[in-house]
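Descriptive analysis of the structure
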Amino acid sequence: MSQVFEGYERQYCEISANLSRICTSATVLDGEQKKQKVSEIGGGLEEAEALLRKMDLEARSMPPGTKASLLAKIREYRNDLNNLKSEMKRLKSGNANLAARDELLDSGRADVMQVSADQRARLMMTTERLNKSTDGIKESRRTMLETEELGVSILHDLHQQRQSLLHANNTLHAVDDNIGRSKKVLTSMSRRMNRNKWILGSIVALLVLAIILILYFKLSH
């Protein structure tokens, strides 16, 4: 789930819970105090409606699988918002009909108790959604931390592998240098052997020539 969507959802749940509490308290107020509460509820409903529009735009940008579940959740929130709008209309109607409310005070008390029970149930449901949203944010944060730790571990392993490769490269360079020096030594030895062969051959040739000359002089005399 998008963190942006979760942020909007958290704000909406907080506003919805606050509006439910205001509606509950407004049912027992009269006159100017009740008008102020109704005005406050209207402002909160506009803010909640704006958040739902943002949530809808964010949900429609998600992949199909995630998009369907988020849109279903938004429909549920819209139903909740419509209930709050109906409650505000009921409160406005109560302001316009104070005389009728006084006549039906006894029966109205039962209605207020029922409305309060409904609002408490809605408040509990909203609080539960808020807790779930908070748990989702905590889970996303935990997953992000685990991913970060995994990334650090991978970078550490890559650094160690890089060091190993650099060490192996240095070793190969050292081996190449040793081979080069060995090749030079062998080349020098080969040249010396060839030179020694020529010298030895020359000495042998001179000896043979000397022997021939000695034999020649002896035989001639």
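Okay, so let's go over this structure.

Cut-offs applied
Residues numbered from 1 in each chain as written. Predicted model: local features only at pLDDT ≥ 70, side-chain atom pairs only at ≥ 80, totals over all residues. Heavy atoms only, no water. Helix = DSSP H or I, 4+ residues; strand = E, 2+ residues; numbered from the N terminus. Buried < 20%, exposed > 50% of the residue type's maximum accessible area, 1.4 Å probe, protein only. Contact = heavy atoms within 4.5 Å. Phe/Tyr/Trp six-rings, centres within 6.5 Å; stacked < 30°, edge-to-face > 60°. 1 Å grid on protein atoms, 1.4 Å probe; cavity = no way out; pocket = protein on both sides within 12 Å on 5 of 7 lines; lining within 4 Å. Points joined across faces, edges and corners; volume = space filled by probe spheres on them. Nonpolar A, V, L, I, M, F, W, Y, C, P; charged D, E, K, R; others polar. Polar contact = N/O pair within 3.5 Å; in protein donor to acceptor, adjacent residues only side chain to side chain. Patch = residues over 30% accessible without salt bridge, like charges linked within 9 Å, V, L, I, M, F, W, Y side chains within 5 Å. Areas by Shrake-Rupley, 256 points an atom, 1.4 Å probe, with all protein chains shown as cover. Salt bridge = Lys/Arg side-chain N within 4 Å of Asp/Glu carboxyl O. Core = buried A, V, L, I, M, F, W, Y, C linked by side-chain atoms within 4.5 Å.

A look at the overall build of the protein chain
A tally of regular secondary structure across the protein chain gives five helices and zero strands. Along the protein chain, from the amino end to the carboxyl end, the secondary structure elements read α-α-α-α-α. Taken across its 221 residues, the protein chain has 24% of its residues classed as buried. Across the protein chain, the fraction of contacts at a sequence separation of at least 24, relative to all contacts at a separation of at least 6, is 83%.

Points about the packing of aromatic side chains
By convention here, two paired aromatic rings are described through the distance between centres and the angle between planes. This model, assessed by the stated rule, comprises two aromatic pairs. Taking 5.0 Å as the distance between ring centres and 40° as the angle between the ring planes, the aromatic pair formed by Y12 and Y77 counts as tilted. In this pair, Y12 is assigned in helix α1 (residues 3–26) and Y77 in helix α3 (residues 64–96), connecting sequence segments 65 residues apart. A relative accessible area of 1% means that Y12 is categorised as buried. For Y77, a relative accessible area of 2% translates into the label buried.

Topic: the layout of surface pockets
Considering only enclosed or pocket space, the second largest pocket measures out at about 180 Å³ in volume. In this structure, the second largest pocket is lined by 13 residues; those nearest its centre are E9, K73, Y77, R129 and K132. Looking at the lining of the second largest pocket, the elements that each hand over two or more residues are α1, α3 and α5 (105–220). Across the lining of the second largest pocket, the residue classes break down as four nonpolar, two polar and seven charged.

Some thoughts on the environment of S25
Tracing the backbone through its elements, the reader meets S25 in helix α1. Put simply, S25 and K37 are twelve residues apart on the chain and 8.5 Å apart in space, counted from C-alpha to C-alpha. Only 2.8 Å separates the side chain of S25 from the backbone oxygen of I22, close enough to count as a polar contact.

As for a nonpolar patch on the surface
Among the surface-exposed residues, L150, I154, L155 and L158 lie close enough to one another that they form a single nonpolar patch of about 390 Å² accessible area. Tracing the chain through its elements places I154 in helix α5.

Considering the pattern of salt bridges
Evaluated as defined, the whole model comprises eleven salt bridges. Between R142 and E146 there is a salt bridge, with its nearest N and O atoms 2.4 Å apart. With R142 and E146 both in helix α5 and four residues apart, this pair spans about one turn of that helix. Under the relative-accessibility criterion, E146 is labelled partly exposed at 41%. One salt-bridge network, in which partners are shared between bridges, spans E49, R78 and K85.

Quick look at the nonpolar core
Core analysis: the biggest nonpolar cluster contains 26 residues, and Y12, I41, L45, M55 and L81 have the highest contact counts within it. When contributions to this core are tallied by element, the ones reaching two or more residues are α1, α2 (31–60) and α3. Contacts of Y12, omitting those with residues within four sequence positions, involve A48, L51, L52, M55, Y77, D80 and L81.

Focus: the side chain of R122
Mapped onto the elements of the fold, R122 is located in helix α5. Taking relative accessible area as the criterion, R122 reaches 10% and is therefore assigned buried. Those residues in contact with R122, other than ones at most four positions away along the chain, are S20, D80, N83 and L84.

Points about the side chain of D56
By the secondary structure assignment, D56 is in helix α2. There is a polar contact of 2.8 Å between the side chain of D56 and the side chain of R60. When near neighbours in sequence (up to four residues on either side) are disregarded, D56 contacts L71 and I74.

The values are spatial; any link to function lies outside them.
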